[in-house]
Amino acid sequence: MIKLSRLDGEPFVLNADLIRYVECRPDTFITLTTGERLVVGESMDEVVDRAVRYQQQKHLIPSR
């Protein structure tokens, strides 16, 4: 799970395992495996960093 914020600043938690892809258009859009799309306040790089850290914590990706 990763903590993100909506465009209005309201925080929410997303199951990072559901992320299919992330786009910058210029807002950051997250498309989930369910087909749902979310717009978040974080940059694309920040979403990716949080998702990678989440996977590392699950020991699916080794830490460097």
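What comes next concerns the included structure. Given the structure is predicted, the values throughout are model-derived calculations rather than measurements. (Residues numbered from 1 in each chain as written. Predicted model: local features only at pLDDT ≥ 70, side-chain atom pairs only at ≥ 80, totals over all residues. Heavy atoms only, no water.)

## Let's talk about the packing of aromatic side chains
Note the threshold: Any two of the Phe, Tyr and Trp rings considered here, Trp counted by its six-membered ring, make a pair once their centres fall within 6.5 Å; the pair's planes then place it as stacked at under 30 degrees, edge-to-face at over 60, or tilted in between. Working rule: Lys NZ or Arg CZ, within 6 Å of ring centre, within 35 degrees of ring normal, means a charge sits over the ring.
Applying the stated criterion to the full structure yields 0 aromatic pairs. Directly above the aromatic system of F12 lies the positively charged group of R6, at a separation of 4.5 Å from the ring centroid.

## Considering the pattern of salt bridges
Put simply, the rule is: Just to be clear on terms, a salt bridge is a Lys or Arg side-chain nitrogen sitting within 4 Å of an Asp or Glu carboxyl oxygen. Where helices and strands are cited, they refer to DSSP runs of H or I of at least four residues and of E of at least two residues respectively, numbered from the N terminus. Think of it in three bands: residues with accessible area under 20% of the maximum for their type are buried, residues over 50% are exposed, and the middle band is partly exposed, with areas taken using a 1.4 Å probe on protein chains only.
All told, the structure shown has 6 salt bridges when counted by the stated rule. Here D17 and K58 are joined by a salt bridge, their closest N and O atoms 3.0 Å apart. Of this pair, D17 sits in the loop between β2 (11-14) and β3 (19-24) while K58 sits in the segment after α1 (44-57), and the two are 41 residues apart along the sequence. Residue class for D17 comes out partly exposed when judged on its relative accessible area of 37%. For R37, the salt bridge is made with E23, and the minimal N-O distance between the two is 3.1 Å. Here the residue R37 occupies a position in strand β5 (residues 37-40), and E23 occupies one in strand β3, the gap between them amounting to 14 residues. Overall, E23 belongs to the buried group, its relative accessible area being 18%. Ionic contacts of the salt-bridge type, sharing partners, join the residues E42, E46, R50 and R53 into one network.

Fair warning: the whole summary comes from geometry, so function is off the table for now.
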